[in-house]
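One letter stands for each residue in the lines below.
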Amino acid sequence: MTLNYHRNPAEVNWEILINDLIADDFHNGRTVAQLRASFENSQVQAYAMVGDRCIGTARALSDGIGNAYVIDVWTQSTYRNQGIARTMMEMLLEKVAGQHVYLQTDDAVEFYRKLGFSEQPSGMSLIVGEYLTGGANASQ
Ligand SMILES: CC(C)(COP(=O)(O)OP(=O)(O)OC[C@H]1O[C@@H](n2cnc3c(N)ncnc32)[C@H](O)[C@@H]1OP(=O)(O)O)[C@@H](O)C(=O)NCCC(=O)NCCS
């Protein structure tokens, strides 16, 4: 089956994707609806497909001006080391020209270095309240 790439969340079967993420130990607890919404709400998205199966994802939050943040970069284990994540990252980066792109990674430093990223120490973070209980789930 051929590999192809697109940017359209409507072409992704999110129920199947979440099961593949769980099987790959790359699931952070989002429900299917939350997973889908978090991608749909991202200004820049890239998906890798084998047939109708999504085997790679990447997304970026961007203000369209000066700053972007990359998240959910994933290639299904059996398809790794074929340049798939590199291609998805290139799809993201071509949409954020002129912007400072930030991301956090524990295990993929060398992957991002190869794409031109350099380490920027002293990143800081805070979870406001309980993780995954905001946004569409917040009580009005
Ligand atoms: C990191 C990840 C997205 C890379 O996906 P991939 O499709 O295998 O990456 P690519 O094949 O496009 O790799 C591009 C280059 O980076 C290298 N690379 C990929 N993953 C690497 C890693 N974890 N450590 C070091 N180098 C890595 C590849 O060897 C390749 O090098 P080359 O261009 O010299 O041949 C994938 O391993 C993954 O999904 N990991 C689990 C999720 C994760 O950690 N995501 C990042 C969270 S921030």
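Preceding block: the structure.
In this text the structure is predicted, and so the values were computed from the model without any measurement.

About the criteria used
- Residues numbered from 1 in each chain as written.
- Predicted model: local features only at pLDDT ≥ 70, side-chain atom pairs only at ≥ 80, totals over all residues.
- Heavy atoms only, no water.
- Salt bridge = Lys/Arg side-chain N within 4 Å of Asp/Glu carboxyl O.
- Helix = DSSP H or I, 4+ residues; strand = E, 2+ residues; numbered from the N terminus.
- Buried < 20%, exposed > 50% of the residue type's maximum accessible area, 1.4 Å probe, protein only.
- Contact = heavy atoms within 4.5 Å.
- Pairing = 2+ DSSP bridges.
- Axes fitted to C-alpha atoms, helices over the stretch in contact; angles between N-to-C directions.
- Near = heavy atom within 4 Å.
- Areas by Shrake-Rupley, 256 points an atom, 1.4 Å probe, with all protein chains shown as cover.
- Phe/Tyr/Trp six-rings, centres within 6.5 Å; stacked < 30°, edge-to-face > 60°.
- Lys NZ or Arg CZ within 6 Å of the ring centre and 35° of its normal.

According to the stated counting rule, one finds 9 salt bridges in the structure shown. For D24, the salt bridge goes to R80, with nearest N and O atoms at 3.4 Å. Here D24 is found in the loop between α1 (14-23) and α2 (32-40), whereas its partner R80 is found in the loop between β4 (67-75) and α3 (84-93), with 56 residues between them in sequence. Residue D24 is classed as buried on the basis of its relative accessible area of 17%. The partner of R113 in a salt bridge is E119, with the nearest N and O atoms 2.3 Å apart. Look at E119 and you get exposed, because its relative accessible area is 54%. Sharing partners across several salt bridges, the network here consists of R30, R59 and D72.

A few words now on the environment of V32. Secondary-structure assignment places V32 in helix α2. Look at V32 and you get partly exposed, because its relative accessible area is 27%. Residues within four places of V32 in sequence aside, it is in contact with W14, E15 and I18.

With that out of the way, let us pick up the sheet that holds β4. On the basis of which strands lie adjacent, the open sheet formed by 5 strands has the order β1-β2-β3-β4-β5 and mixed pairing. Edge positions in the sheet fall to β1 (3-6) and β5 (100-102), since each has one partner strand and no second. Sheet twist, expressed as the mean angle between neighbouring strand axes with direction ignored, is 20 degrees. As judged from the 7 bridges shared by strand β2 (residues 44-50) and strand β3 (residues 53-62), these two strands associate in the antiparallel manner.

A word on the site of the ligand. Neighbouring the ligand are 19 residues, the closest being V73, T75, N81, G83 and R86. Out of a free accessible area of 900 Å², the ligand has 71% covered by protein chains. For the shell around the ligand, the secondary-structure elements that each account for two or more residues are β4, α3 and α4 (109-114). Tallying contributions element by element places α4 first for the shell around the ligand, with 4 residues.

Applying the stated rule across the entire model yields 6 aromatic pairs. Measuring from ring centre to ring centre gives 5.3 Å for W14 and F39, while their planes differ by 50 degrees; the resulting arrangement is tilted. Here F39 lies in helix α2 and W14 lies in helix α1, a separation of 25 residues in the sequence. The two residues W14 and F39 agree in class, both being buried. With 4.9 Å between their ring centres and 65 degrees between their planes, F111 and Y112 make a pair best called edge-to-face. Here F111 falls in the partly exposed class, since its relative accessible area comes to 26%. Classification of Y112 as buried rests on a relative accessible area of 8%. One aromatic cluster is present, formed by W14, F39 and Y47 through successive ring pairs. When the ring centre of F39 is taken as origin, the NZ or CZ atom of R59, which lies over that ring, is 5.2 Å away.

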